[in-house]
Amino acid sequence: QVQLVESGGGLVQPGGSLRLSCAASGVRYRINAMGWFRQGPGNQRELVALSDSGGSTNYGDSVKGRFTLSRDNVKNTVYLQMNSLKPEDTAVYYCNVGVNYGINYWGQGTQVTVSS
């Protein structure tokens, strides 16, 4: 059974930083993409950052230059370093793992709140 365990969310002041982690276990197929999406209040789920198996990372426009995605392929873990956080970054952040055959797995979500 595939499990994605997310951690690192919480409350932070504007301008602050947080680091999210997502560890995947029980994945039987080769992992291709790993990354994060988010869904803010009243919004659709949107891309934050996604890394493919070739090492390329695609960032959402609103986080470019502030967020950095990294992954440890040995540990099947992906990290999201979030700096210069803004109130509009407030959302539930979901880990995403894509494997062969077009299968996608999602984490349960972790809340990030940016507020003074």
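The structure displayed is predicted, hence computed values, not measured ones. (Residues numbered from 1 in each chain as written. Predicted model: local features only at pLDDT ≥ 70, side-chain atom pairs only at ≥ 80, totals over all residues. Heavy atoms only, no water.)

1. Observations regarding the overall build of the protein chain
- Regarding its fold elements, the protein chain presents zero helices and eleven strands.
- The secondary structure elements of the protein chain, listed N-terminal to C-terminal, are β-β-β-β-β-β-β-β-β-β-β.
- Against the globule reference of 13 Å for 116 residues, the protein chain gives a C-alpha radius of gyration of 14 Å, in line with a compact fold.
- With respect to the principal axes defined by its C-alpha atoms, the protein chain has extents near 45 × 25 × 25 Å.
- The 116 residues of the protein chain split such that 40% are buried.
- Accessible surface computed for the protein chain: about 6,300 Å², of which carbon and sulfur atoms make up 44%.
- The positive charge centre, built from 10 side chains, and the negative charge centre, built from 7, are 6 Å apart in the protein chain. (Helix = DSSP H or I, 4+ residues; strand = E, 2+ residues; numbered from the N terminus. Rg over C-alpha atoms; globule rule 2.2 N^0.38 Å. Buried < 20%, exposed > 50% of the residue type's maximum accessible area, 1.4 Å probe, protein only. Areas by Shrake-Rupley, 256 points an atom, 1.4 Å probe, with all protein chains shown as cover. Lys, Arg positive; Asp, Glu negative; His and termini not counted. Charge placed at Lys NZ, Arg CZ, Asp CG, Glu CD.)

2. Describing the packing of aromatic side chains
- Applying the stated rule across the entire model yields two aromatic pairs.
- Between Phe-37 and Trp-106 the ring centres are 5.2 Å apart and the planes differ by 65 degrees, which places this aromatic pair in the edge-to-face class. Of this pair, Phe-37 sits in strand S4 (residues 31–39) while Trp-106 is found in strand S10 (residues 104–106), placing the two residues 69 residues apart along the sequence.
- A cation sits over an aromatic face here: Arg-45 above Tyr-94, 3.8 Å from the ring centre. (Phe/Tyr/Trp six-rings, centres within 6.5 Å; stacked < 30°, edge-to-face > 60°. Lys NZ or Arg CZ within 6 Å of the ring centre and 35° of its normal.)

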